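An overview of the molecular structure
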Amino acid sequence: MTGTTVCLGETMAQVTPADGEGLERSRELRLAVAGAESTVAQYLADLGHRSAWVSRVGDDPLGRRIVAVVAGCGVDVGGVRVDPDAPTGLYLKDPGPDGTRVHYYRRGSAASRMGPTDAERVDLAGARLLHLTGITPALSEGCAELVELLMERASQAGVLVSFDVNHRSALWSSLEHAATALRDLARRADLVFVGRDEGERLWGAATAEEIHAHLAPRGTLVVKDGEVGATEFAGTGRKFVPAPAIEVIEAVGAGDAFAAGYLSGFLHGSGSAERLALGHRLAGRTLRSIEDYVPADTLEGT
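For the structure given in this document, a descriptive report is provided here. Values in this document were obtained by computation on a predicted structure and should not be read as measured data. Residue indices follow the written sequence of each chain, beginning from 1 at its first position. The predicted origin of the model limits local features to residues at a pLDDT of at least 70 and limits the giving and counting of side-chain atom pairs to 80 or more, whereas totals for whole chains, interfaces and linings rest on all residues. To obtain the side-chain values, all non-hydrogen atoms of the structure were included, while hydrogens and water were left out.

Things to note about the packing of aromatic side chains
Both the distance between ring centres and the angle between the ring planes are used here to describe each pair of aromatic rings. For Phe, Tyr and Trp, where Trp contributes only its six-membered ring, two rings pair if their centres lie within 6.5 Å, and the inter-plane angle classes them as stacked under 30 degrees, edge-to-face over 60, or tilted in between. One pass over the full model with this rule turns up three aromatic pairs. Considering the side-chain rings of Y43 and Y293, the 5.0 Å spacing of their centres and the 65° angle between planes classify their relative orientation as edge-to-face. Within this pair, whereas Y43 is found in helix α1 (residues 36-46), its partner Y293 is found in the segment after α9 (272-287), the two being separated by 250 residues in sequence. Neither Y43 nor Y293 differs from the other in exposure class; each is buried. The way it works is that DSSP assigns letters per residue, a run of H or I at least four long becomes a helix, a run of E at least two long becomes a strand, and they are numbered from the N terminus. Any residue under 20% of the maximum accessible area for its type is buried, any over 50% is exposed, and the rest in between are partly exposed; the area is computed with a 1.4 Å probe on protein chains only.

Listed below in structure tokens is the structure:
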């Protein structure tokens with residue numbers, strides 16, 4: 001599959017109050033599918049790119065639902081393994097006046113049992129990009145080993161590595177461990193996405209320039225700063241594009257949508273400003289919704 005973007009990581013069943021109320025008060029819940037890497041794969045497929053998602057799910061209704069939904073978007077799911085001995089992960093959104101809290105039920109999940117042997121199911125032949133996030137190495141030692149192995153294999157195969165820092169503090173044993181591991185992985189990638197708030201929390205780097213100086217990336221770095229905008233550092237160049245003003249309903253999942261938009265522009269050969277703008281436009285779809293993934297069959301209305 002020439003030009004395929006291969007995305008690897010856990011996808012879970014997502015439960016969200018349908019009325020926007022908190023879990024304690026809501027009378028109706030909605031079941032959806034959400035995962036950082038599969039969301040990127042879904043958006044890329046929507047926008048006309050070839051994409052594949054590799055993971056593990058449990059041999060249960062939620063696992064089957066997830067695979068069917070992702071495949072229904074045109075994503076290649078041939079690399080997904082069904083694990084008969086572990087469940088599919090689950091997480092719940094809990095909206096509130098101070099934002100949305102997320103409650104995870106993923107310990108011991110099928111995806112957390114991934115390891116180096118799963119690399120055999122990652123077909124990099126003809127791939128252009130391998131997209132990973134900092135969530136996967138935090139799931140287990142085996143997952144961390146798998147991410148490092150895939151980065152090495154991608155480099156050897158001439159496949160570009162896209163890495164979204166995506167720091168989830170609840171998954172790491174300590175902030176220090178996360179800071180070191182995520183910094184080292186980011187330095188090995190060709191395209192890196194990181195939130196300005198993540199950079200400050202992890203490395204004490206409070207600005208896009210400080211994050212760039214700290215990471216000293218070998219390739220392109222994109223620093224996202226919420227409603228302010230996003231800055232791309234590529235070689236000696238620097239480009240900032242402000243985020244459009246929109247009414248935010250919920251921010252969960254917007255970073256993955258931004259990454260997908262940016263990567264779509266990159267794959268099309270667009271310039272820096274166009275790539276960043278498309279990232280903002282796609283993120284805007286998620287920000288105006290309670291869903292992590294909002295179908296984008298065309299660019300109209302994004």
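Focus on the environment of V54
As for its placement among the helices and strands, V54 is situated in strand β4 (residues 51-58). For V54, a relative accessible area of 4% gives the class buried. Each C-alpha atom of the pair V54 and T220 lies 24 Å from the other, and the pair is 166 residues apart in sequence. Here a residue-residue contact requires only that any non-hydrogen atoms of the pair lie within 4.5 Å. Once you skip the residues sitting within four places of it in the chain, V54 turns out to touch V6, C7, L8, G9, G79, R121 and V122.

Thoughts on the nonpolar core
With 45 residues, the main nonpolar core has F163 and W203 as its most contacted residues. Excluding residues within four positions of it along the chain, F163 makes contact with L132, T133, G134, M151, L182, L185, A186, A189, L191, V192 and F193. Residues belong to one nonpolar core when they are buried, are Ala, Val, Leu, Ile, Met, Phe, Trp, Tyr or Cys, and are joined through side-chain atoms within 4.5 Å. By size, the runner-up hydrophobic cluster in this structure holds 37 residues, among which are C7, L129, A260 and F266.

A few points about the environment of G63
Note that G63 resides in helix α2 (residues 61-72). The spatial distance from the C-alpha of G63 to the C-alpha of P87 is 8.0 Å, given a sequence separation of 24 residues. Every residue in contact with G63, bar those within four places of it in the chain, is listed here: V57, G58 and T88.

Observations concerning the pattern of salt bridges
Salt bridges are counted wherever a side-chain nitrogen of Lys or Arg sits within 4 Å of a carboxyl oxygen of Asp or Glu. If you walk through the whole model with that rule in mind, you get 14 salt bridges. Where R113 meets D83, a salt bridge forms, and the shortest distance between an N and an O atom there is 2.8 Å. Placement of the pair is R113 in the loop between β7 (99-105) and β8 (127-133) and D83 in strand β5 (residues 76-83), with a sequence separation of 30 residues. Exposure remark for R113: the relative accessible area of 40% places this residue in the partly exposed category. Between R238 and E209 there is a salt bridge; the shortest N-O distance is 2.6 Å. Taken together, the residues R238 in strand β13 (residues 237-242) and E209 in helix α7 (residues 208-215) connect sequence positions 29 residues apart. Note on E209: relative accessible area 36%, which makes it partly exposed.

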